[in-house]
Structure formats: C-alpha cells, structure tokens
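So you can see what is in the structure, the chains are spelled out below.
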Amino acid sequence: MNTHPASPLKPMTWIFAVLASAALSSHAQSWETLVALGEPNADAIGHAVMLDPFSPDPAHPDLFIGGESPGGSVLQVDLSVEPAAASASDAAPGLMHHLVADAFGNLYAAGYQSRGGRAYWQVRRSSNGGASWVVVDDAQAWNKDGGSVAYGLTTDLTGNVYASGSAHDRQGKEFWVIRRGANQGQNWATVYKSSKPLAKGMGAAYVGPTAAHAGGVFAVGTLTATRTTQWSVLRSRDSGGTWQWVDAWNATRDNEGAQYPRAVAADGAGNVYVAGYDVIGVPAWYVRRSLDGGETWQTILSEYADGDYNRADDIAADPWGNVYVVGMTKQAGSGAQWTIRRWDAATQSWDQWPNELRHPLASWASVSVARGVVSDAFGRVYITGSADGQWIVQRLAVP
C-alpha cells in the first residue's frame, strides 16, 4: 500500500525533497511515487510532465515537469539515481501549464506569470537542454489591458510552435486565442481569435499525416455558437493560417453547454482523442475520438456520473495505442481524488482496475489532483499533479 510521503528535507532553499519509490501492486502493475516536493500544504502544484529528450539513457528517460512552486516553474527530474533527484530548470516565477519539445532541440513551456495582480500569458523557450530559459511570447506586448493564460502547447515538424489559451479584453470578456511562433518560436502572431466571447482555449496537439488522413494541428476549448457554449475542436491544415471547427458537441439534448474539453492527443495510428468534463447536472468525464482526422467523432467515455464534481485534465497514448486519461473525481462530502482511466486498444474498452489502482493516492492524501500525463517508448506512464499541497510525480511500471 502507498504510505504518506516522508517529510521532505529542508535545505537552505525550498527544494526538491524526493521520495524513494513506494510501489502499489495490482493486476501485475504498480504505481511508484517518484517525487513529492515541498512541505505539506506548501501550495506546490504540478501541471505538466514531459520526457527529457536529452536523457543519457533513452531507454530510461528523465523528466521535465512544469507547474508552480517556490523552487521554480519548470523542474528537471533525474531518474537515474535512487531516490530520484529534482532541480530547478526554470526558477522564474509563474505557472506553466504545458511543456513540449520540437524537432530542433528546443524546449517550450506555456502558462502565465502574475504581475500587478493580473495574469499575463507567457511562452518560454530553452535552446540548451533546459539550462536556461527565455520568454519568447508575453501578453504584455499584445494584450496588456486584460488577463490572459496559455493552456495548450504543441509544435509541428517545420518549426512552428502553437499556444492555445484565453485572453480578456478591457471589459473582461474572454476570447479563445491561438498564437503561432514561427521559426522555432522566434516570430509570434495571433492566428486565431474567437469571433464571440464566452470562449476559452485549452489543449493543443499536432497530429502527423497518415495513410488515412492529412492530420493537422488540433486545438480544443469552448466556443459560443448562438446562446450556449459548446465543446469545440478546431483543426488547421495550413500551419495555422486557417482553422476549421470540426467538432461542436453538447452531451445533453437541451444543449446546456456544460461540457468542457481540456486536452487532446493522438495515438501512433493518428487517431485523435479529446478529454474533458461536465459541470452542470450530472458531472462526468468525457472522451471523444476521431478515427479519420477530425471528420467524424464518437463519444467513447461518459463516466463518473455519481460524483459531486469531476474533471479530466490530460490525455496521452502509449506506443501500443492504449490511452490514459487523468484528472480528479469528487464524491459529495469528500475531497478530490487523483484519478486515472485507461482505454485498452486491444479490447476497445475501459479498464476494470480496482479502486486502489485507479486512485493510488487515496490511502494518504485528503485532496489530490492529477493534471499531466505522458508515456515513454516502453509503455511506462508518468503522471504529475498535486496532493495536500505537494507536487507529486508517479510512474506506472510495465508489468
């Protein structure tokens, strides 16, 4: 069984007490808690996890994690030592929602930095393996009169970087904004802004072309078509020049507009998956899938209907097409629980995991939320989030 992480060490600066692995075995699989950063209730928040493309041993990759903490907004985790060692990669303040690497050796982080009581969208880049970071896009230059946040981030094969999020105008109206950083994030421009407010951009992903479809850049969020907001997926097949609204969906017949997509990912076959949640009526997680590059969509998950509040935050596929969705579920009168679901590519069905594998922190954390997920080339799955104020990283070992 998992146990509560030991109290972290207290070096001269806040950092990076890392927990020795605590394994939970079930169904020939086990969760390991690799990292637990910060004192309990210290408000360290994990949001993003990415494999380190510069790992000395690609068969056992290290990690970059993004979020918010007194020690920095991007941390590097060395998994070659026991226990794992975490250190600041970008010590600048802010909250980084997503991390990506491009094909040219650059790393990117997207989120925001607070200044003067206002959030300013930021995209940062490292061109030296995470040793240092520079701000390449800041809303101070293009939306200085309203708050803004970048949530989604992706790159294509030609060196374009795409950040998706939201920006408020002077009246406080919120618009979905997508910005493109051409030439490896050096030249930025707004390539999409929703025509109406009550819109919010979230995750983004580049999907390469396959024999079945042309792929493209996908971005997910909410748009207001008439009276209500809708779960929405946008697609661009011309490097962000134009965007097509390829999925406009409501889960209920009364079109209450209560469904919010949060993240998008693709498997190795080019199938596209979007994960999100519902906040009105009966709360649920949703996953919608397209097998034809966004032309048609099917709902393959609608669950946790007995919860008080449920939110799916991120989604990723492993090399065999299994899909992992992470987030939180909450029953009435209880705290949020770190939650994972797995879609089995072979059986085309969702997991039948026991509660302790689906909620691996429930035995010690009163409040926990999983927010980021990634898989390596061997099918090991890494999740980051927070639990009782600590920044957590867990790994699902391959059986």
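The structure we're discussing is the one just above.
Caption draft 1: Structural context of the nonpolar core. The biggest cluster of nonpolar side chains holds 20 residues, and the ones touching the most others in it are Phe218, Val233, Val264, Val274 and Trp297. Among the elements of the structure, β11 (148-155), β15 (200-207), β16 (216-224), β17 (229-236), β18 (244-249) and β20 (272-278) are those that each provide at least two residues to this core. Ranked by the residues each element gives to this core, the list is headed by β15, at 3 residues. Once residues lying within four places of it in the same chain are set aside, the contact partners of Phe218 are Gly203, Ala204, Ala205, Val207, Val233, Leu234, Arg235, Val264, Val272, Gly293, Gly294 and Trp297. Within the second largest apolar cluster, 19 residues are counted, among which are Val326, Ala370, Val373 and Ile392.

Caption draft 2: Up close: the sheet that holds strand β24 (residues 323-330). Across the sheet, 4 strands lie side by side as β23-β24-β25-β26; this open sheet has antiparallel pairing. Edge positions in the sheet fall to β23 (309-317) and β26 (349-350), since each has one partner strand and no second. Of the pairings in the sheet, the one linking strand β25 (residues 337-344) to β26 comprises 2 bridges and is antiparallel in character. Bridge pairing in β26 places Asp344 opposite Ser349.

Caption draft 3: Up close: the packing of aromatic side chains. Inspection of every chain in the model, using the stated rule, returns 8 aromatic pairs. Their ring planes at 90° and their centres at 6.4 Å tell us that Trp231 and Tyr286 sit as a pair that is edge-to-face. In this pair, Trp231 sits in strand β17 while Tyr286 sits in strand β21 (residues 285-290), placing the two residues 55 residues apart along the sequence. No difference in accessibility class separates Trp231 from Tyr286, as the two residues are buried. Taken together, a centroid distance of 6.3 Å and an interplanar angle of 70° make the contact between Tyr277 and Tyr309 edge-to-face. Residue Tyr277 is found in strand β20, and its partner Tyr309 is found in strand β23; the two are separated by 32 residues along the sequence. Given the relative accessible area of 9%, Tyr277 is considered buried. Three or more aromatic residues link up through ring pairs in this structure, and these residues are Trp231, Trp249 and Tyr286. The cationic tip of Lys193 hangs over the ring face of Phe175; the distance from NZ or CZ to the ring centre is 4.6 Å.

Caption draft 4: Summary view of the sheet that holds strand β12 (residues 161-168). Pairing within the open sheet is antiparallel, and its 4 strands lie in the order β11-β12-β13-β14. Of all strands in the sheet, those bounded by a partner on one side alone are β11 and β14 (187-193). Sheet twist, expressed as the mean angle between neighbouring strand axes with direction ignored, is 25°. Examined bridge by bridge, strand β13 (residues 174-181) and β14 share 5 bridges and lie antiparallel to one another. Looking at the pairing, Gly181 lines up with Trp188 of β14.

Caption draft 5: Highlighting the environment of Leu291. When you line up the elements, Leu291 lands in the loop between β21 and β22 (298-303). By relative accessible area, Leu291 is classed as partly exposed at 42%. Distance in space between the C-alpha atoms of Leu291 and Tyr273 is 9.0 Å, their sequence separation being 18 residues. Those residues in contact with Leu291 that sit more than four places away from it in its chain are His213, Asn271, Thr296 and Gln298.

Caption draft 6: Quick look at unusual backbone geometry. In this structure, the amide linkage connecting Glu82 to the following residue, Pro83, adopts the cis form with an omega of 0°. Tracing the chain through its elements places Pro83 in the loop between β5 (74-78) and β6 (85-90). The residue Leu198 is not glycine, and still its phi comes out positive at about 55°. Mapping Leu198 onto the fold places it in the loop between β14 and β15. Non-glycine residue Asp388 carries a positive phi angle of around 50°. Inspection of the secondary structure puts Asp388 in the loop between β28 (381-387) and β29 (390-396).

Caption draft 7: Highlighting the pattern of salt bridges. Counting across every chain of the model gives 16 salt bridges. For the salt bridge of Glu32 with Arg395, the shortest nitrogen-to-oxygen distance reads 2.9 Å. Here Arg395 lies in strand β29 and Glu32 lies in strand β2 (residues 29-37), a separation of 363 residues in the sequence. We note that Glu32, like Arg395, is buried. Between Asp90 and Arg124 there is a salt bridge, and its shortest N-O distance comes to 2.9 Å. You can see Asp90 sitting in strand β6 and its partner Arg124 sitting in strand β9 (residues 118-126), a full 34 residues away along the chain. A single burial state applies to Asp90 and to Arg124, both of which are buried.

Caption draft 8: Spatial organisation of the side chain of Gln230. With respect to the helices and strands, the residue Gln230 is situated in strand β17. Beyond its immediate sequence surroundings of up to four residues, Gln230 is in contact with Gly221, Thr222, Leu223, Ala225, Trp245, Ala248, Trp249, Asn250 and Gln259.

Caption draft 9: Summary view of the environment of Met50. Mapped onto the secondary structure, Met50 falls in strand β3 (residues 45-51). In this structure Met50 comes out as buried when scored by relative accessible area, which is 8%. Between the alpha carbons of Met50 and Val373 there is a distance of 8.0 Å; along the sequence they are 323 residues apart. Not counting the four nearest positions on each side in its chain, Met50 is found in contact with Asp62, Leu63, Phe64, Leu99, Val100, Ala101 and Leu107.

About the cut-offs
Along each chain, residue indices are assigned from 1 in the same order as the chain's sequence is written. Local features in this predicted model are restricted to residues of pLDDT 70 or higher, and side-chain atom pairs are both shown and tallied only at a pLDDT of 80 or more, whereas totals for entire chains, interfaces and linings draw on every residue. Each side-chain value is derived from all of the structure's non-hydrogen atoms; neither hydrogens nor water enter the calculation. As used in this record, nonpolar core signifies buried Ala, Val, Leu, Ile, Met, Phe, Trp, Tyr and Cys residues forming a set joined through side-chain atoms within 4.5 Å. Exposure categories follow from relative accessible area, calculated using a 1.4 Å probe and restricted to protein chains: below 20% of the type maximum is buried, above 50% is exposed, and the middle band is partly exposed. Segments assigned H or I by DSSP are reported as helices when at least four residues long, segments assigned E as strands when at least two residues long, and all are numbered from the N terminus. In this description, contact between two residues means that some pair of their heavy atoms is separated by no more than 4.5 Å. Criterion used throughout: strands pair if DSSP finds at least two bridges between them. Two rings from Phe, Tyr or Trp (for Trp, the six-membered ring) form a pair when their centres sit within 6.5 Å of each other. Planes less than 30 degrees apart are called stacked, planes more than 60 degrees apart edge-to-face, and all others tilted. Criterion for a charge above a ring: Arg CZ or Lys NZ at most 6 Å from the ring centre, at most 35 degrees from the ring normal. Fitted lines through C-alpha atoms serve as axes, helices being fitted only where they are in contact, and the angles separating the N-to-C directions of these axes extend from 0 to 180 degrees. Take a side-chain nitrogen of Lys or Arg and a carboxyl oxygen of Asp or Glu: if they are within 4 Å of each other, that pair is a salt bridge.

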